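Now for the letters of each chain:
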Amino acid sequence: MLDILVYEERQQVAAGEAGPCLEYLLQHRILETLCTLGKAEYPPGMRQQVFQFFSKVLAQVQHPLLHYLSVHRPVQKLLRLGGSVPGSLTEKEEVQFTSVLCSKIQQDPELLTYILEGKKIISRKKAPRESTALSKDSACHADKDHFHSSAPDKGSQLDGEHCGAQALNSHLPAETEGPESGTGESTLITSLLGLCKSKKSRVALKAQENLLLLVSVASPAAATYLVQSSPCCVAIAEHLCQLYRSLPAFLDPADIAALEGISWRLPSAPSDEASFPGKEALAAFLGWFDYCDHLITEAHAVVADTLAKAVADKLFVETLQPQLLHVSEQSILTSTALLTAMLRQLRSPALLQEAVAFLLGPDQQPAALEDNPRTLCSHLIRHCDHLSDEISIATLRLFEELLQKPHEQVIRDLVLCNLDGRLYVARGSPEPESYEDTLDLEEDPYFTDDGFLDCGFSPSAKPRAAPPTSAPGKTAVTEIVNSFLCLVPEEAKTSAFLEETGYDTYVHDAYGLFQECSSRVAPWGWPLGPAPLDLHEPERPFFEGPFLQVLFDRMARILDQPYSLNLQVTSVLSRLALFPHPHIHEYLLDPYINLAPGCRSLFSVLVRVIGDLMQRIQRVPQFPGKLLLVRKQLMGQVPGEQLDHQILLQGVVVLEEFCKELAAIAFVKFPPHGPQLNLSPPPEGQV
């Protein structure tokens, strides 16, 4: 039958002309008969043959068939038949059938609405045309034996049969409508979603590619119908939530973080020695999330926005938020780690916007110290200073991942909104002419230590005077780099004993990260220099904001916290320091800023930590030897063994490396690569 139809079409002279064999196929409802036999599986194996025949007919016959009622009706039946049985033996044929339909829709996007509407379009258009059916038939085709139907143009695609189909089908008895007929259910969508859940990876992948093809159609009308009158977006988000709920109650955050590179195009990684309980379920969830993200990226804008909103509502708000706010530490830990993994995979702008709105809420105003908002963001920030170190580490990882996303609201709400106006700079008096007036460093006990002689400090001297204003380039960066490198006293340094060259080991990495960060924020139009100070403006209290507050508080306790927690705190702070905004650069990386009374900066926090360290060193016997041993343990050069003051010693190692990292970041951010700090600004405060 297929060979005859194809041969006949090739022999036709006029394009789009239907030959007598095709007329016979349509007029005698042969496709509907085949569909009925396939549904009954009579004879056995008939369903598979019917799917194959439909696929080949629609693919190989060039004449537009889907507009005919006698083709459209059995196609709808076959779609309902295919998507109804999970794990069907005909999955391969079903996915091939849907592939042909999606290919036809891609060629003619206006078909999408017609296919998705199912029988509803038939019953709606049949009634008003019954009275004029005979006149239309006679006008269009006086002789059915010489039936000719041209392909409908773009403007009349949704008119279904239009003339020729009316002629062929008007005399046929109306089919008895089934219970599902008038629902308008999108059988193509539900069939594809059912096949996406197949255990056969190739079938699932092909179905996902077909669904991707469907949502990326270029027609605005078809895209609007897809989101308003089909269960597409909600069903995709519901399946994502179903996969989330199937995850084990306990998942190790380290296992979640280690499962990287999950892609919807690749099957789940096979079980191996790195397997852990729940790995397959986790891979399935992250794979479908990656697929949703890819759908939103490729879909028509109307579909993308609706699908992103559905994922945000169903997964973020209804499923994740209760767990993030739960009193159970295990719920908080697992949900935070999973959210971090999702952020790591997230690429689509529409879904990123929804994720940022979910985590941070609407654009925030500068926070006051006494504010106690009950938003999700405030809860997450408090989790950074949780009684459970594991929760603190997991939440800090979440914020570090968030800071790497190309969305200005993240850095704006967390940091910049509190630095506007530079309230951290002292007002009412001219800017100092030398560094000795910028920080009251001489009050800290470590400044009387002989270990700082090499850095320009002496037991009886204050810090060196600032270089002149006319030389803010290389001299300025040298002064700032040395300020961070000289913070840790010589007796608390160990890198020199291991033949490490110092902070320059960080310069290469810092340069790459800074270039990446700069390219990410370039479209945001940040200023090149800090806003000028208004000396006549009355002083207002400065608050660094809850995010910087918790980071500074954690940094102040670096000598008393576990090693892994210290690594995460310093990692987040170094990420912040990389941002090329002049206020962030000034507040985090300028050691000589003239702080307003009661304010603290990152450098002043480090100064207090060093002062505390200098007092503790005196109480630890054989401190240099133990510190070197701990560093070798952390590097894996010697076996690990428990020592007295182990947390303190590990904290000192992290502190030394963090100061070198900040020095490297300050170095790579100077001109021509970053904002220029004039270390002796004019009285009006302009830079």
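Residues numbered from 1 in each chain as written. Predicted model: local features only at pLDDT ≥ 70, side-chain atom pairs only at ≥ 80, totals over all residues. Heavy atoms only, no water.

Participant: How do you make sense of the overall build of the chain when you look at a structure like this?
Facilitator: Tallying secondary structure elements over the chain gives 30 helices and zero strands in all. Restricting to contacts in the chain with at least 6 residues of sequence separation, those with at least 24 account for 79%. On the chain, roughly 30,500 Å² of surface is accessible, and the fraction owed to carbon and sulfur atoms is 54%. (Helix = DSSP H or I, 4+ residues; strand = E, 2+ residues; numbered from the N terminus. Contact = heavy atoms within 4.5 Å. Areas by Shrake-Rupley, 256 points an atom, 1.4 Å probe, with all protein chains shown as cover.)

Participant: Is there a simple way to think about the side chain of Thr340 in this case?
Facilitator: Residue position: Thr340 is located in helix α18 (residues 329-345). The contacts of Thr340, once residues within four sequence positions are left out, are Ala394, Arg397, Leu398 and Glu401.

Participant: Please explain the packing of aromatic side chains as it appears in this structure.
Facilitator: By convention here, two paired aromatic rings are described through the distance between centres and the angle between planes. Here the structure, examined in full by the defined rule, presents 14 aromatic pairs. With a centroid separation of 5.6 Å and 70° between ring planes, the pair formed by Phe542 and Tyr587 is classed as edge-to-face. You can see Phe542 sitting in the loop between α24 (504-521) and α25 (546-556) and its partner Tyr587 sitting in helix α27 (residues 582-589), a full 45 residues away along the chain. According to the relative accessible area criterion, Phe542 is buried, its value standing at 14%. For Tyr587, a relative accessible area of 1% translates into the label buried. Feature note: the residues Tyr424, Phe542, Phe552 and Tyr587 constitute an aromatic cluster, connected by ring pairs. (Phe/Tyr/Trp six-rings, centres within 6.5 Å; stacked < 30°, edge-to-face > 60°. Buried < 20%, exposed > 50% of the residue type's maximum accessible area, 1.4 Å probe, protein only.)

Participant: Sorry if this is basic, but what is going on with the nonpolar core here?
Facilitator: Burial of nonpolar side chains together is a common tendency in soluble globular proteins. Ranked by internal contacts, the top residues of the largest apolar core, which has 200 residues, are Leu315 and Phe316. It is helix α30 (residues 646-668) that provides the largest number of residues to this core, a total of 14 residues. Those residues in contact with Phe316, other than ones at most four positions away along the chain, are Phe289, Val311, Gln321, Leu339, Met342, Leu351, Ala355 and Phe358. (Core = buried A, V, L, I, M, F, W, Y, C linked by side-chain atoms within 4.5 Å.)

Participant: Just checking my understanding: could you explain a negative patch on the surface for this structure?
Facilitator: A surface patch of negative charge is lined by Asp252, Glu329, Asp389 and Glu390. Among the secondary structure elements, Glu329 is positioned in helix α18. Judged by its relative accessible area of 43%, Glu329 falls in the partly exposed class. (Patch = residues over 30% accessible without salt bridge, like charges linked within 9 Å, V, L, I, M, F, W, Y side chains within 5 Å. Salt bridge = Lys/Arg side-chain N within 4 Å of Asp/Glu carboxyl O. Lys, Arg positive; Asp, Glu negative; His and termini not counted. Charge placed at Lys NZ, Arg CZ, Asp CG, Glu CD.)

Participant: Sorry, what's going on with the side chain of Thr187 here?
Facilitator: Checked against the element boundaries, Thr187 lands in helix α11 (residues 187-196). Using a relative accessible area of 3% as the deciding quantity, one classes Thr187 as buried. Within polar-contact distance, the side chain of Thr187 engages the side chain of Gln76 at 3.0 Å. If we skip the residues at most four places from it in the chain, Thr187 touches Gln76, Leu79 and Arg80. (Polar contact = N/O pair within 3.5 Å; in protein donor to acceptor, adjacent residues only side chain to side chain.)

Participant: So what exactly am I meant to see when it comes to the pattern of salt bridges here?
Facilitator: It is possible for side chains of opposite charge to pair when their charged atoms get near one another. Evaluation of the coordinates by the stated rule reveals 20 salt bridges. The partner of Arg422 in a salt bridge is Glu586, with the nearest N and O atoms 2.6 Å apart. Here the residue Arg422 occupies a position in the loop between α22 (408-419) and α23 (474-485), and Glu586 occupies one in helix α27, the gap between them amounting to 164 residues. Side by side, Arg422 and Glu586 carry an identical accessibility label, which is buried. Where Arg616 meets Asp612, a salt bridge forms, and the shortest distance between an N and an O atom there is 3.2 Å. Within this pair, Arg616 and its partner Asp612 are both found in helix α28 (residues 602-617), separated by four residues, close to a single helical turn. Take Asp612: its relative accessible area is 28%, and that puts it in the partly exposed class.

Participant: Explain helix α14 (residues 232-245) to me, please; I cannot follow it from the model alone.
Facilitator: Since the α-helix advances by 3.6 residues per turn, residues separated by three or four positions end up pointing in the same direction. Helix length check: α14, at 14 residues, gives a terminal C-alpha distance of 20 Å against a target of 20 Å (1.5 Å per residue), a fit within 8%. Those residues of α14 that fall on the buried side of the exposure criterion are Cys232, Cys233, Ile236, Ala237, His239, Leu240, Cys241, Leu243 and Tyr244. Where the residues of α14 are buried, they touch α11, α12 (201-215), α13 (220-228), α16 (279-298), α17 (301-324) and α18. (Expected span 1.5 Å × (residues − 1).)

Participant: Hey, could you run me through the environment of Leu26 in this one?
Facilitator: With respect to the helices and strands, the residue Leu26 is situated in helix α2 (residues 20-27). For the pair formed by Leu26 and Leu65, sequence separation is 39 residues and the distance between their alpha carbons is 9.1 Å.

Participant: Looking at this structure, I do not really get unusual backbone geometry. What am I missing?
Facilitator: A negative phi angle is the norm for most residues apart from glycine, just as the trans form is the norm for most peptide bonds. That bond from Tyr42 to Pro43 is cis: its omega, -10°, falls within 30 degrees of zero. Of note in the backbone geometry, Arg29 takes a positive phi value of approximately 50° without being a glycine. Positionally, Arg29 belongs in the loop between α2 and α3 (30-40). Arg29 sits in the buried class, given a relative accessible area of 19%. Its identity as a non-glycine residue notwithstanding, Arg422 has a phi of 50°, on the positive side. On the basis of relative accessibility, which here comes to 2%, the residue Arg422 falls in the buried class.

Participant: Just checking my understanding: could you explain the packing of α11 against α12 for this structure?
Facilitator: Helix packing for two helices is described by the angle between their axes and how far apart those axes are. At a minimum axis distance of 7 Å, the contact between α11 and α12 shows a crossing angle of 145°. Regarding α11 and α12, the two cross each other, and that crossing is left-handed. In contact with Leu188, Ile189, Leu192, Leu193, Leu195 and Cys196 of α11, α12 contributes Val203, Ala204, Ala207, Gln208, Asn210, Leu211 and Leu214. Looking at the contact of α11 with α12 residue by residue, the class counts come to 11 nonpolar, two polar and no charged. (Axes fitted to C-alpha atoms, helices over the stretch in contact; angles between N-to-C directions. Left-handed = near helix turned anticlockwise from the far one by under 90°. Nonpolar A, V, L, I, M, F, W, Y, C, P; charged D, E, K, R; others polar.)

Participant: What is the right way to look at the packing of α25 against α28 in this model?
Facilitator: The geometry of α25 relative to α28 is characterised by a closest axis approach of 9 Å and an angle of 20° between their N-to-C directions. The angle between α25 and α28 places the two elements in the roughly parallel class. For α25 against α28, the interelement crossing comes out right-handed. Where α25 abuts α28, its residues Phe552, Met555 and Ala556 lie against Leu602, Val605, Leu606 and Val609. Per-class residue counts for the contact of α25 with α28 are seven nonpolar, no polar and no charged. (Parallel < 35°, antiparallel > 145°, perpendicular 65-115°, else oblique.)

The analysis is restricted to geometry; functional conclusions fall outside its scope.
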